[in-house]
Amino acid sequence: MTGIEFLENYRQMFARPDIARPIAAAFVARLRDGGTPLAMVLLVQHGTGSFAVAGSATGAFGLAAALSRPLHGRLLDRLGQRVLLATAAANSAAMLAFVAAVRLGAPPPVVVAVAVLIGLLLPAQAAALRALLPDLAGERLRPAAYAVEANAQELTAISGPLIVGVLVALLPPGGALAVLAVVGFAGTVWYVTAPAARAWRGTGFVGPRRSALRAPAMWTLMLAVASISVILGVVQVALPAFAGDRDATHLAGLLLAAFAVGSLLGGSAYGAGQWRSSAVHQLRVLLLVVAAGVAVLAVADGMALMTGLALVAGLGMAPAFAVTFLACDAIATAGRAAESFTWLGAANTAGFGLGGTLAGFTIEWAGPGAAFVVAATVVLTVAALLWARPDALRAGT
């Protein structure tokens, strides 16, 4: 494959405004999602002097966001993508109320309650875009579109905190969160007013509707997503712990950045390719790839080697997530596409939290290397299930 052929999928996709605009607008809107936790921590710690209150607020925000995802997805399926506009406006108002509450010295329970409100009102922007992409991209460009979406997920997680760091240095306390509120709403307006988003219709409230989780295949797919996200949770804890053991805590960000760059490179390569095998087969192979990648991190004995291995370990992450999006598109219950994608988001959050917890206990017991092995074991277990049951992700099962 030549370089020109390698990039042809992306050239065709971004040459079409009907695809490029929703992807770009959704990325802008989701900068709010990536930066809000850090902005909340810094604001609350500055206002109260307590990391305990800051942690409680961000934890409550994350839990509320995860629990409300399926409800937002259901609303998208029934009302169409215009519902994002109302939730984004309410979410931005709640973010500004949070700034006011902290600046005015509200009691910690009030601060935490407003954080819960922010999470409950967080728009399901990712699910909306993922439900929109299949009709826009068509069969041939769909892998490239989902690969771009997987990379965008990674980029918002990286860019959001970086933007917050700059804003905190330039603005008074609370300014960063206020800017994120405005940017998030502006991005949503840009997205919802795109012709493709306006044309996407919900199914309404008429007639009986099957649950998005009625199909056992969705539970299997959620298990696969959760296992991949366990790796994310583990590396977020274990890589800084590895650096700390070598008196190089200041370089922990470098290790995490190397892992993220690897994911971006892998996602870009996946989206540019032409894949003849089914999404289910690709997922089974990619689970083995990501498990091997994180397991190899256990052999690193220095910062230089770990940086290189972290980059390699990240290569399979974005492709694995992109394939789960393809699989979800294939098995989602009719009329429940957006809700199905929000359940994947919930599985992602659960896996990430489980990974962080496993890493914390394992590092205390046996060190960072053991945490990487535990993560690999979790993914290999799910991979074994999919290899033993090739029909487990078949639509209708």
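We now turn to the structure provided with this report. These figures come from a predicted structure and were not determined experimentally. (Residues numbered from 1 in each chain as written. Predicted model: local features only at pLDDT ≥ 70, side-chain atom pairs only at ≥ 80, totals over all residues. Heavy atoms only, no water.)

This part covers the overall build of the protein. The secondary structure content of the protein amounts to 15 helices and 0 strands. Considering the protein as a whole, with its 397 residues, one finds that 52% of them fall into the buried category. Expressed as a percentage of contacts within the protein between residues at least 6 apart in sequence, the contacts between residues at least 24 apart total 84%. Summing over all exposed atoms, the protein offers an accessible surface of approximately 16300 Å²; the carbon and sulfur share of this is 70%. (Helix = DSSP H or I, 4+ residues; strand = E, 2+ residues; numbered from the N terminus. Buried < 20%, exposed > 50% of the residue type's maximum accessible area, 1.4 Å probe, protein only. Contact = heavy atoms within 4.5 Å. Areas by Shrake-Rupley, 256 points an atom, 1.4 Å probe, with all protein chains shown as cover.)

Once that is clear, we can look at the pattern of salt bridges. Going through the model one piece at a time under the given rule, you end up with 1 salt bridge. Where Arg 32 meets Asp 33, a salt bridge forms, and the shortest distance between an N and an O atom there is 2.9 Å. Here Asp 33 falls in the partly exposed class, since its relative accessible area comes to 24%. (Salt bridge = Lys/Arg side-chain N within 4 Å of Asp/Glu carboxyl O.)

As a further point, take the nonpolar core. Membership of the largest hydrophobic core comes to 91 residues, with the highest contact counts inside it found for Tyr 191, Leu 221, Ile 231, Phe 259, Leu 283 and Phe 372. No other element matches the 18 residues that helix H9 (residues 216–245) contributes to this core. If sequence neighbours within four positions are ignored, Phe 372 has contacts with Val 234, Val 235, Ala 238, Leu 239, Val 294, Ala 295, Leu 297, Ala 298 and Met 306. By size, the runner-up hydrophobic cluster in this structure holds 27 residues, among which are Ala 65, Val 114, Ile 118 and Leu 177. (Core = buried A, V, L, I, M, F, W, Y, C linked by side-chain atoms within 4.5 Å.)

Taken as a whole and judged by the stated rule, the model has 0 aromatic pairs. One residue, Arg 246, lies across the ring of Phe 242, its end atom 3.7 Å from the ring centre. The residue whose ring lies beneath Arg 284 is Trp 387, and the NZ or CZ to ring-centre distance is 4.3 Å. (Phe/Tyr/Trp six-rings, centres within 6.5 Å; stacked < 30°, edge-to-face > 60°. Lys NZ or Arg CZ within 6 Å of the ring centre and 35° of its normal.)

Here Ser 68 shows up in helix H3 (residues 51–79). Ser 68 gets classed as buried once you look at its relative accessible area, which sits at 6%. Here the side chain of Ser 68 touches Ala 65 through a polar contact of 3.2 Å, landing on its backbone oxygen. Within polar-contact distance, the side chain of Ser 68 engages the backbone oxygen of Gly 119 at 3.4 Å. If sequence neighbours within four positions are ignored, Ser 68 has contacts with Gly 119 and Leu 120. (Polar contact = N/O pair within 3.5 Å; in protein donor to acceptor, adjacent residues only side chain to side chain.)

A contiguous nonpolar patch, built from Val 285, Leu 288, Val 289, Leu 380 and Trp 387 and spanning about 390 Å² of accessible area, is present on the exposed surface. For the nonpolar patch, the secondary-structure elements that each account for two or more residues are helix H11 (279–296) and helix H15 (368–388). The element best represented in the nonpolar patch is H11, accounting for 3 residues. If you trace the backbone, Leu 288 turns up in helix H11. Relative accessible area serves as the criterion here: at 36%, Leu 288 is assigned to the partly exposed category. (Patch = residues over 30% accessible without salt bridge, like charges linked within 9 Å, V, L, I, M, F, W, Y side chains within 5 Å.)

Interpretation note: all reported values are geometric properties and have no functional meaning in isolation.
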